[in-house]
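Here is what each chain is made of, one letter per residue.
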Amino acid sequence: MNRTNWRKLKDKYMYLILVGTALSILSILTGIICFVLYSGWSALSWDFIFEPPRDNMTSGGIWSPLVGTFQLIVVSIIAVIPVGVLTGLYFSEYAGKGLFPKILRLAVRSLSGVPSVVFGLFGLSLFVIFLGFGSCLFSAGLTLACLTLPLVVTASEQAFRAVPKDYRDASYALGATKLQTLVKVVFPSAASTIITGIILSIGRVAGETAPIIFTGAAFYTSKTGGLFNEVMALPYHIYILATAGTNIEQTRPIQYGAVAVLLALVLGISSVGVWMRVRMKRR
Amino acid sequence: MLNINKHSSNDTKIQIETKDLSLYYGQDKVIKNISFNIYERMVTALIGPSGCGKSSYLRCLNRMNDFIQEARTEGEITINGSNIYDKATDVIELRRKIGMVFQKPNPFPMSIYENVAYAPRLFGVKDREKLDEIVKSSLEGAALWDEVYGKLKTPGTGLSGGQQQRLCIARAIATEPDILLMDEPTSALDPLSTLRIEELIRELKKKFTVVIVTHNMQQAARISDYTAFFLLGDLVEYNVTNKMFTSPDDRRTEDYITGRFG
């Protein structure tokens, strides 16, 4: 074989290897989905979703943990938006290049690398014990908000930065102050990108277990509602069924049914975010 | 050295007086000790090759260079009797009195109405009727009213390039400024839209002092009363446009306008 053919052959193999790696990712995802659906299919029904767990969680559905997860999402969103978005605004519009913003940036970046169980312990000591909220929806929501914070800050900063300089120039040239320009032009232009970023980051934390174990997730509670009550949450519910349930083998279908719903929830939220992002790019 | 008062006749008032102005970006001196007068209700064209300082000079007039951190000025620009680089100058008020139109049409992502009402709202006009009136007269002033009066609520970004630029002009004149700065306003437009903007500029000078940066020498010749030729940060020649394009005083001006470089 001469050199040219050998080079062409290498080129072809390289292509095959790359396609192969891409396919392997796809097969992992489909593998997970198929496995979960196969194992949990017999449990899945509308009743399963809309009924609370019964008989020491060996029968019934997942209504209360599902509601709890939604409540956690709502509390963490409400908590993370003001702090995250305003910090992003600070980084994009006010921080400049000094030493202090540099340290702040480093802090935010490090925060996103902190393991989620550490957030859980942090939430336990700050919200549950020090601030005295106790183990409840509020503490767990705030802990999840801390976990989301670096994602929201980064998403907001990028959204603000992406607002064309043309808009700012036009606004300033018309005699607007910086605050007027931010409120009337920059913020509205960045809003939809920020919302997308928040949705995507929420999708990622909705499935977290470690941060809520110590801060507000209940093994079992019949109550749903109160901000200062413990809540059941899907990820923790799954963990319990699989490790500490009364009859682990018997409840396998329930476990995988719950996993399927959680997966659908997280993927669903993320796809809304992705869809919004794609739609915005087209415009 | 240019004699800055050489071309002022008795019936023209000085609107902008530039005295020994220099602009630095860090160590670079991009405008070098220039002095000249811009006259009221005249169109003054700033021409010269890229990087000669004409756009930078334009941005000195409404202090848009303030946003460039390493930018620094020396000298004076006097508008309406006061030096705009004085510490006491209210930059916000200054920009209200000086409208600006940019190279690329840049309407806000809002409705046509909101685009024009933007600046009046900034300065506290809340009354709906008053706003309606301002929007109408500004759009008329920018020769756009006839094309858009039925769709004021639609996005400004949905208009054609030429219409967008006229919308930007309407937005800029909504606060009734004294001066209108235009930074190559037609360079992103097709020839027909360019023609309309040029006609509009001839109308606008009845009410405003227009300072326009242009790459297009024919355009300068067609629409301006005075022309300033910039080269590498120097003001090489400032003259009545007719004279500039027929018998320029400076050799370099002649070389530039006859297309020998630039």
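Please read these numbers as outputs of a predicted model, since none were measured by experiment.

What counts and how
- Residues numbered from 1 in each chain as written.
- Chains lettered and ligands numbered in written order.
- Predicted model: local features only at pLDDT ≥ 70, side-chain atom pairs only at ≥ 80, totals over all residues.
- Heavy atoms only, no water.
- Helix = DSSP H or I, 4+ residues; strand = E, 2+ residues; numbered from the N terminus.
- Rg over C-alpha atoms; globule rule 2.2 N^0.38 Å.
- Buried < 20%, exposed > 50% of the residue type's maximum accessible area, 1.4 Å probe, protein only.
- Contact = heavy atoms within 4.5 Å.
- Areas by Shrake-Rupley, 256 points an atom, 1.4 Å probe, with all protein chains shown as cover.
- Pairing = 2+ DSSP bridges.
- Axes fitted to C-alpha atoms, helices over the stretch in contact; angles between N-to-C directions.
- pLDDT = per-residue confidence, 0-100.
- Buried area = accessible area lost by both parts, 1.4 Å probe.
- Polar contact = N/O pair within 3.5 Å; in protein donor to acceptor, adjacent residues only side chain to side chain.
- Nonpolar A, V, L, I, M, F, W, Y, C, P; charged D, E, K, R; others polar.
- Core = buried A, V, L, I, M, F, W, Y, C linked by side-chain atoms within 4.5 Å.
- Patch = residues over 30% accessible without salt bridge, like charges linked within 9 Å, V, L, I, M, F, W, Y side chains within 5 Å.
- Salt bridge = Lys/Arg side-chain N within 4 Å of Asp/Glu carboxyl O.

1. Quick word on the overall build of chain B
In terms of regular secondary structure, chain B is built from 10 helices and 10 strands. Expected size for 262 residues packed as a compact globule is a radius of gyration near 18 Å; at 18 Å, chain B falls within 12% of this value. Expressed as lengths along the three principal axes of its C-alpha atoms, the size of chain B is roughly 55 × 45 × 40 Å. Across the 262 residues of chain B, 55% fall into the buried class. Within chain B, contacts between residues separated by at least 24 positions form 68% of all contacts whose residues are at least 6 apart in sequence. Counting every atom, chain B has about 11,900 Å² of accessible surface; 47% of that belongs to carbon and sulfur.

2. Notes on helix α3 (residues 112–122) of chain B
Most of α3 of chain B is tucked away: 9 of the 11 residues are buried. Buried within α3 of chain B are the following residues: I112, Y113, N115, V116, A117, Y118, A119, P120 and L122 of chain B. Where α3 of chain B is buried, its residues touch α7 (165–173) and α8 (178–205) of chain A together with α4 (128–141), α5 (145–148) and α6 (161–173) of chain B. Looking at the residues trailing α3 of chain B, positive phi occurs at G124 of chain B, about 95°.

3. Topic: the environment of T177 of chain A
You can see T177 of chain A is positioned in the loop between α7 and α8. Separated by 12 residues in the primary sequence, T177 of chain A and K165 of chain A place their C-alpha atoms 15 Å from one another. Beyond its immediate stretch of four places on either side in the chain, T177 of chain A contacts Y172 of chain A together with I92 of chain B.

4. A closer look at the sheet that holds strand β1 (residues 14–25) of chain B
Residues and elements named next belong to chain B. Read from one edge of the open sheet, 4 strands run β2-β1-β4-β5, paired in antiparallel fashion. Each edge of the open sheet carries a strand with a single partner, namely β2 (28–39) and β5 (82–83). Bridging between strand β4 (residues 71–79) and β5 involves 2 bridges; their strand directions are antiparallel. Note on β5: the bridge partner recorded for T78 is N83. Of the strands in this sheet, β1, β2 and β4 are in contact with helix α1 (residues 54–61), which crosses β1 at around 120°.

5. Observations regarding the pairing of β1 of chain B
All names here are of chain B. Pairing between β1 and β2: 8 bridges, direction antiparallel. Bridge pairing in β2 links Y25 to D28. When β1 meets β4, the two strands line up antiparallel, connected through 8 bridges. When the sheet's bridge partners are listed, L23 is paired in β4 with T73.

6. Some thoughts on the confidence of the model for chain B
Low-pLDDT portions of the prediction should not be read for the details of their coordinates. With 95% of its residues at a pLDDT of 70 or more, chain B shows a mean pLDDT of 91. Two numbers describe this predicted complex: its pTM, 0.81, and its ipTM, 0.90.

7. Quick look at the interface of chain A and chain B
Chain A puts 16 residues into the contact, and the matching count from chain B is 23 residues. Across the chain A/chain B interface, buried area totals approximately 1,600 Å², and carbon plus sulfur atoms make up 66% of it. When the area that chain A buries against chain B is broken down by residue, the three leading residues are A173, L174 and K184 of chain A, summing to 37%. In this structure, the connection of chain A to chain B is made through 4 residue pairs in polar contact (both at pLDDT 80 or more). Across the side of chain A that touches chain B, the residue classes break down as 7 nonpolar, 6 polar and 3 charged.

8. Focus: the nonpolar core
Core analysis: the largest hydrophobic core is formed by 96 residues, its most contacted members being I16, F36, L46, Y57, I77 and V211 of chain B. Ranked by residue count, the leading element in this core is helix α6 (residues 137–161) of chain A, at 10 residues. Beyond its immediate chain neighbours, meaning those up to four positions away, V211 of chain B contacts I16, I38, T44, L46, L58, L61, I179, L180, L181 and M182 of chain B. Membership of the second largest hydrophobic core comes to 44 residues, among which are L180, M217, M244 and I257 of chain B.

9. Topic: unusual backbone geometry
Residue and element names in this part refer to chain B. The phi angle at R63 is positive, at roughly 55°, despite the residue not being glycine. Within the element layout of this structure, R63 appears in the loop between α1 and β4. At A143, a position not held by glycine, the phi torsion is positive, near 55°. Turning to its location among the elements, A143 is positioned in the loop between α4 and α5.

10. Comments concerning the environment of L126 of chain A
All names here are of chain A. If you trace the backbone, L126 turns up in helix α5 (residues 116–130). What makes L126 partly exposed here is its relative accessible area of 26%. Separated by 13 residues in the primary sequence, L126 and S139 place their C-alpha atoms 8.8 Å from one another.

11. What about a nonpolar patch on the surface?
There is a patch of nonpolar side chains on the surface, built from Y13, Y15, L16, V19, L23 and L26 of chain A and spanning about 630 Å² of accessible area. Along the chain, L23 of chain A turns up in helix α1 (residues 3–40).

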